[in-house]
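# What the coordinates show
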Amino acid sequence: MRTATLSFLFLLIISATLFAQADKSATAIRKVMDDQAAAWNKGDLDAFMSIGYWRSDKLTFVSGTKITRGWQQTLDNYKKGYDSRSKMGVLTFSDLEITMLGKNAAVVLGNWSLAREKDNPNGKFTLTFRKFKEGWRIIMDLTSYFRAMVAILTIRLLSLAF
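Residues numbered from 1 in each chain as written. Predicted model: local features only at pLDDT ≥ 70, side-chain atom pairs only at ≥ 80, totals over all residues. Heavy atoms only, no water.

### Structural notes on the sheet that holds strand S4 (residues 105-115)
Across the sheet, 6 strands lie side by side as S2-S1-S6-S5-S4-S3; this open sheet has mixed pairing. Two strands bound the open sheet, and with one partner strand each, they are strand S2 (66-69) and strand S3 (90-102). Strand-to-strand, the axes of this sheet are offset by a mean angle of 25°, without reference to chain direction. Across 9 bridges, the pairing between S4 and strand S5 (residues 122-132) is antiparallel. (Pairing = 2+ DSSP bridges. Helix = DSSP H or I, 4+ residues; strand = E, 2+ residues; numbered from the N terminus. Axes fitted to C-alpha atoms, helices over the stretch in contact; angles between N-to-C directions.)

### With respect to the confidence of the model for the protein
On average, residues of the protein score 86 in pLDDT, and 76% of them reach the 70 mark or higher. Ranking the helices and strands of the protein by mean pLDDT puts helix H2 (residues 45-52) first, with 98, and helix H5 (residues 146-161) last, with 55. Here residues 14-20 scores under 50 on pLDDT; set against residues more than four positions off or in separate chains, the count is 0 contacts. (pLDDT = per-residue confidence, 0-100. Contact = heavy atoms within 4.5 Å.)

### Re H2
When we look at burial in H2, the residues that qualify are Leu45, Phe48, Met49 and Gly52. The arc enclosing the buried residues of H2, seen along the axis, measures out at 90°, which places them on a common side. Its side-chain oxygen at 3.4 Å from the backbone nitrogen of Asp46, Asp44 defines the N-terminal cap of H2. (Buried < 20%, exposed > 50% of the residue type's maximum accessible area, 1.4 Å probe, protein only. Arc of directions from axis to C-beta. Polar contact = N/O pair within 3.5 Å; in protein donor to acceptor, adjacent residues only side chain to side chain.)

### Topic: helix H3 (residues 71-81)
Within H3 the residues assigned to the buried category are Trp71, Thr74, Leu75 and Tyr78. One face of H3 carries all of its buried residues, which in axial projection span an arc of 100°.

### Things to note about the pairing of S2
Relative to S2, strand S1 (residues 60-63) runs antiparallel, the two being bridged by 4 bridges. Each bridged residue has a counterpart across the sheet, and for Val62 the counterpart in S2 is Ile67. In sequence, S1 turns back onto S2 through a hairpin of 2 residues, with Gly64 there showing a positive phi of about 65°.

### Thoughts on the layout of surface pockets
Its boundaries defined by the atoms lining it, the largest pocket holds a volume of some 540 Å³. Mapped onto the lining of the largest pocket, the elements with two or more residues apiece are helix H1 (2-41), S1, S2, H3, S3, S4, S5 and strand S6 (135-143). Counting residues per element, the lining of the largest pocket draws most heavily on H3, which supplies 5 residues. (1 Å grid on protein atoms, 1.4 Å probe; cavity = no way out; pocket = protein on both sides within 12 Å on 5 of 7 lines; lining within 4 Å. Points joined across faces, edges and corners; volume = space filled by probe spheres on them.)

### A word on the pattern of salt bridges
By the definition in use, this model includes 4 salt bridges. Measuring nitrogen to oxygen at the nearest pair gives 3.2 Å for the salt bridge that ties Lys79 to Asp46. Taken together, the positions of Lys79 in helix H3 and Asp46 in helix H2 put the pair 33 residues apart, joining distant regions of the chain. Classification of Lys79 as partly exposed rests on a relative accessible area of 37%. Overall, the relative accessible area of 36% leaves Asp46 in the partly exposed class. (Salt bridge = Lys/Arg side-chain N within 4 Å of Asp/Glu carboxyl O.)

### Structural notes on the side chain of Ser56
Considering the arrangement of structural elements, one finds Ser56 in the loop between H2 and S1. Relative accessible area serves as the criterion here: at 14%, Ser56 is assigned to the buried category. Side-chain polar atoms of Ser56 contact the backbone nitrogen of Lys58, separated by 2.9 Å. Beyond its immediate sequence surroundings of up to four residues, Ser56 is in contact with Gly70 and Trp71.

This is the structure:
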């Protein structure tokens, strides 16, 4: 009986430790994303990238039909597409779902939105995070744009009608 009780207590302690570690990792990932949004909202794309993305030629960013590889190319694309504060707007992330894949990897699902003077582009993302010695970084970003999806669906529906 004593062995069974000790085994149960040991498993309980291990489980509590694993849950605490997962919660700590999820909190750290949320902080990365909060810090990224703050950098974006200050107009600092270099900080946005440095805070959140893996500085590697193996970083992968997928948006629409385009695949970009590499940290520098991803930064260059951001700078080309968001070359003014009015284009950048105010970035918010919402409805984050963080799933730990292990102690050094996680997947984050969520929504992004830009509040701009003339429009409010928004969409969904799936981010793969990996823990490095410098902290949690995005190694793969799959981002969709809601307006783009609506346009594609409308074109497809119209083509079926004729």
